[in-house]
Every structure is written in structure tokens, then in C-alpha cells.
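Spelled out from the first residue to the last, the chains are:
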Amino acid sequence: MRSFQKSWYDLYDWLEYNPTADAEFCFSCRCFSGNEKNLELTFSTTGFKSWYRVLHMFKRHNLSKAHINSTKSLGHYKNSKSIDEIIDINKTVCLKTMEAERLKNRKLMER
């Protein structure tokens, strides 16, 4: 009987298994899907269940343009900063600029 194998997680880090649906999904394609073909729809919405050709389809999906783009999108999302960090950085820059301007004005007043 063919079914999901835990060893596939070692081969493909994007792999996601849903035991309720008994289907495989691609995490990055499921979260960051763009313009997709039928193969990518299988890995993002319906799930992959054809266990007899699973390794061939995993390899094919891994090299697909849609998967590569969604993986890049996931990487950008993981590396992006939160809005709080961006606001804190901008506030720090503004405070440094204001302090530099204040010191410059003080030197002008001393003259």
C-alpha cells in the first residue's frame, strides 16, 4: 500500500502533509501562490494524492517556475522587518538628525 512517508520531509523542506485530506501540499506555494498551472494548483489548493508517482512529481514541482517564485516570496517575507522595527529605525534616524541640527544651531549662536 502506498501512502505518505516521513522520509520525504528530509528530501523536500517545503513539504506539508495534511492527514485529514491524506494529501501533500507545498507550504510556500500554498501561502504565496501567484499565476499557477494545474500542477501548482495541485500542490497549493487541492493537494497531491497520486502516491505511485510522488517522487517524480515532487522533483517536477521543485523545479517549476511557480514554486521557485513562491519560495523567493516566502524568503523575502521571512527576512522582512516588522512595522515596529521600521518605525523605531526611522524614529532613531529622525532624532539623530534633529540632535545634529540642534548642535549646529548652538555653534552658530556661540559665534
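Residues numbered from 1 in each chain as written. Predicted model: local features only at pLDDT ≥ 70, side-chain atom pairs only at ≥ 80, totals over all residues. Heavy atoms only, no water.

1. Let's talk about the overall build of the protein chain
The condition that has to hold: We count a stretch as a helix when DSSP gives it H or I for four or more residues in a row; a strand needs E for two or more, and each element gets its number in order from the N terminus. We compute the radius of gyration from the C-alpha atoms alone; for a globule the expected value is 2.2 Å times N to the 0.38, where N is the number of residues. Only protein chains enter the accessibility calculation, which uses a 1.4 Å probe. A residue is then buried if its area is under 20% of the maximum for its type, exposed if over 50%, and partly exposed in between. Whether two residues touch is decided by their heavy atoms; if any such pair falls within 4.5 Å, the residues are in contact.
Looking only at helices and strands, one finds six helices and two strands in the protein chain. Listing each helix as α and each strand as β along the protein chain from the N terminus yields α-β-β-α-α-α-α-α. Here the protein chain has a C-alpha radius of gyration of 25 Å; the compact-globule value for 111 residues is 13 Å, and the former is much larger. Across its three principal axes, the protein chain shows a C-alpha extent of roughly 90 × 25 × 20 Å. The proportion of buried residues among the 111 residues of the protein chain is 23%. Long-range contacts, defined as pairs at least 24 residues apart, comprise 49% of the intrachain contacts of the protein chain with a sequence gap of at least 6.

2. A closer look at the packing of aromatic side chains
Applied cut-off: When two rings of Phe, Tyr or Trp (its six-membered ring) have centres within 6.5 Å they constitute a pair, described as stacked for plane angles under 30 degrees, edge-to-face for angles over 60, and tilted for the intermediate range.
The full count for this structure, using the stated rule, is eleven aromatic pairs. Seen from their ring centres, Trp8 and Trp51 are 5.9 Å apart, and the 15° between their planes marks the pair as stacked. Linking Trp8 in helix H1 (residues 8–11) with Trp51 in the loop between helix H3 (38–46) and helix H4 (54–62), this pair joins segments that are 43 residues apart in sequence. On the numbers, 5.7 Å between centres and 90° between planes, the contact of Trp8 with Phe58 is edge-to-face. With Trp8 in helix H1 and Phe58 in helix H4, this residue pair connects regions lying 50 residues apart in the sequence.

3. Observations regarding the pattern of salt bridges
Using the following cut-off: A side-chain nitrogen of Lys or Arg and a carboxyl oxygen of Asp or Glu constitute a salt bridge if their distance falls within 4 Å.
Scanning the model with the defined rule gives two salt bridges in all. Where Arg102 meets Glu99, a salt bridge forms, and the shortest distance between an N and an O atom there is 2.5 Å. Of the two residues, Arg102 and Glu99 are both situated in helix H6 (residues 83–110); the distance of three residues between them amounts to about one turn of the helix.

4. Considerations on unusual backbone geometry
One non-glycine residue with positive phi stands out, namely Asp22, at about 50°. Of the residues examined, Asp22 reaches a relative accessible area of 31% and is grouped as partly exposed.

5. Overview of a nonpolar patch on the surface
Convention followed: Each patch is built from salt-bridge-free residues with over 30% relative accessible area, joining like charges within 9 Å and nonpolar side chains (Val, Leu, Ile, Met, Phe, Trp, Tyr) within 5 Å. Each accessible area is a Shrake-Rupley estimate made with a 1.4 Å probe; only the visible protein chains count as cover when residues are assessed.
Judged by side-chain polarity, Ile83, Ile86 and Ile87 come together as a nonpolar surface patch covering roughly 280 Å² of accessible area. Summarising the element assignment, Ile87 is placed in helix H6.

6. Observations concerning the domain arrangement of the protein chain
Convention followed: Throughout the structure description, domain borders are defined by an automatic or database domain assignment.
Here the domain parsing of the protein chain yields domain 1 (1–80) and domain 2 (82–110). The C-alpha-based centres of domain 1 and domain 2 are spaced at 47 Å.

7. Some details on the nonpolar core
Let me state the cut-off plainly: Among the buried residues, those of types Ala, Val, Leu, Ile, Met, Phe, Trp, Tyr and Cys that are joined through side-chain atoms within 4.5 Å form a nonpolar core.
Ranked by internal contacts, the top residues of the largest apolar core, which has 13 residues, are Trp8, Trp14, Leu15, Phe43, Phe48, Val54 and Phe58. The biggest single contributor to this core is H4, with three residues. With sequence-adjacent residues up to four places away left out, Phe48 is seen in contact with Ala23, Glu24, Thr42, Phe43, Arg53, Val54, Met57 and Phe58.

8. Examining the side chain of Ser64
How we decide: Any pair of nitrogen or oxygen atoms within 3.5 Å is treated as a polar contact; in protein, a donor-acceptor pairing is required on top of that, and neighbouring residues in sequence qualify only through side-chain atoms on both sides.
Among the structural elements, Ser64 can be located in the loop between H4 and helix H5 (65–79). Classification of Ser64 by relative accessible area gives buried; the value is 11%. In terms of polar contacts, Ser64 uses its side chain to reach the backbone amide nitrogen of His67, at 3.3 Å.

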